[in-house]
Amino acid sequence: GVESVVRIIDFEASLGAEVPPYFTEHGIKSGMIVWIYEDQTPIGFIGIYDSFYHGWTEEDIMFLFHSSKNLSSITTKLKQTAQLLQEARKADNMLLHVFPANVAHRLKHKEFPIADEFANVTVLYADIVGFTDLSTKTTPQQLTVFLNQIFATFDIIALSKGIEKIKTIGDCYMVAGGLFQHEIDHADATVEFACDALVEFEKIKQKSENPILRTVGIRIGIHSGPIVAGIIGINKFVYDIWGSTVNIANKVESLGQQNKIHISESTYCQLLHPKNYMIEPTIQTDVPVHPPLRTMFISRQPKPPLPFKMKEESVRS
């Protein structure tokens, strides 16, 4: 705790005391200091100095001692306030790790219920193919580490693209573009996420030391349209999304092919830069919804090869 300890200093030449240079330079001949300690460590002091030799009375000592007590109390309160602010920052950071920034801000200000309607967003489902069958062929630790590597990487990609991670459902990962960022180019941002996720998934899979884990694949399905979003419940609640758009995105994923990005015509029509991608027609004709929905596979256009440059020696010869 914080405590005060009184130290009286009298630099009497007749007593042969060594006077520090600071006191000599400022003509100080006597003084009284109250040191303030916290857990036996000095953290500050209150001092009274005089240019004359001074016989300090009991009243002088008690005045300075009580002054230091007040300062000790202020110091304690400041420390407690700093700790409360630090805890508040931790709570804010935790909210931001669980909810979109907009939702976290509203929760912090006790807004409830939270219910939002979005006229047009892009929803993505990514499902790891064959993962469930691995539970009998690998240890729980290996499965958990492998899945965490994949989903942690997807989290980083989602942040970089400005789209919101909604949740994970077993070995399925769900994101949505256009909730609070990329209101105009949400289709592009979500497709870009899918392209990067496909590349990083393959890297993680090939680096696995367990050959069985290298046999899994991934299906990605994307659809765009209106949704409803909000928070429901009081225990372990999440910011979730609902509506036919979500259901269709899930269906587009389930009808896709391993290691391919399957998108609806609705998403393709909203791409601002469709020339950046290659389109492959699907084998099935329509997603079984009403009205019928056309789908296609999409991938990035390959980068053009660098122009060939002859070496200077070859040109001269």
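These numbers were taken from a predicted model, which means no experiment stands behind them. (Residues numbered from 1 in each chain as written. Predicted model: local features only at pLDDT ≥ 70, side-chain atom pairs only at ≥ 80, totals over all residues. Heavy atoms only, no water.)

Undergrad: Whenever I open this one, unusual backbone geometry confuses me. Can you help?
TA: Keep in mind that most residues, glycine aside, have a negative phi and that most peptide bonds are trans. Phi at H182 takes a positive value of approximately 55 degrees, unusual for a residue other than glycine. Tracing the sequence through the fold places H182 in the loop between β6 (172-177) and α5 (186-207). (Helix = DSSP H or I, 4+ residues; strand = E, 2+ residues; numbered from the N terminus.)

Undergrad: Even after reading the chapter, I still don't get helix α6 (residues 244-254), so can you show me in this structure?
TA: Working note: α-helix, 3.6 residues per turn, so residues spaced by three or four point in the same direction. Within α6, the full set of buried residues consists of T245, V246, I248, A249, V252 and E253. Taken down its axis, α6 places every buried residue within 165 degrees of arc, on the same side. (Buried < 20%, exposed > 50% of the residue type's maximum accessible area, 1.4 Å probe, protein only. Arc of directions from axis to C-beta.)

Undergrad: Help me understand the environment of M296 in this model?
TA: Here M296 is to be found in strand β11 (residues 293-300). A relative accessible area of 7% means that M296 is categorised as buried. Setting aside its immediate chain neighbours within four residues, M296 contacts I261, H262, I263, E265, Y268, I279, E280 and T282. (Contact = heavy atoms within 4.5 Å.)

Undergrad: Would you explain the packing of helix α4 (residues 140-161) against α5 in this entry?
TA: Angle between the axes and distance between the axes are the two parameters that describe a pair of packed helices. Where α4 meets α5, the closest approach of the two axes is 9 Å, and the angle between their N-to-C directions is 150 degrees. One way to sum up the angle between α4 and α5 is to call them roughly antiparallel. The way α4 lies across α5 gives a crossing that is right-handed. Here α4 contributes F146, Q149, I150, T153, F154, I157, A158 and K161 to the contact with α5, which in turn contributes A189, E192, F193, D196, A197, E200, F201, I204 and K205. (Axes fitted to C-alpha atoms, helices over the stretch in contact; angles between N-to-C directions. Parallel < 35°, antiparallel > 145°, perpendicular 65-115°, else oblique. Left-handed = near helix turned anticlockwise from the far one by under 90°.)

Undergrad: I would appreciate a short explanation of the layout of surface pockets in the present structure.
TA: The probe, sized like a water molecule, is rolled over the atoms to show the empty space still left. Roughly 150 Å³ of internal volume is contained in the second largest pocket. Along its surface, the second largest pocket is lined by 13 residues, and L198, I261, I298, S299 and R300 are the ones closest to its centre. Among the secondary structure elements, those contributing two or more residues to the lining of the second largest pocket are α5, β9 (260-264), β10 (277-287) and β11. Residue composition of the lining of the second largest pocket, grouped by class: eight nonpolar, two polar and three charged. (1 Å grid on protein atoms, 1.4 Å probe; cavity = no way out; pocket = protein on both sides within 12 Å on 5 of 7 lines; lining within 4 Å. Points joined across faces, edges and corners; volume = space filled by probe spheres on them. Nonpolar A, V, L, I, M, F, W, Y, C, P; charged D, E, K, R; others polar.)

Undergrad: For this particular structure, what's the right way to read the packing of aromatic side chains?
TA: Geometry of an aromatic ring pair is reported as the spacing of the ring centres plus the angle between the planes. Summed over all chains, the structure comprises seven aromatic pairs. Plain terms: the ring middles of F151 and F154 are 6.2 Å apart, the flat faces sit at 40 degrees to each other, and that makes the pair tilted. Of this pair, F151 and F154 both sit in helix α4, three residues apart, which is roughly one turn of that helix. On the basis of relative accessibility, which here comes to 1%, the residue F154 falls in the buried class. (Phe/Tyr/Trp six-rings, centres within 6.5 Å; stacked < 30°, edge-to-face > 60°.)

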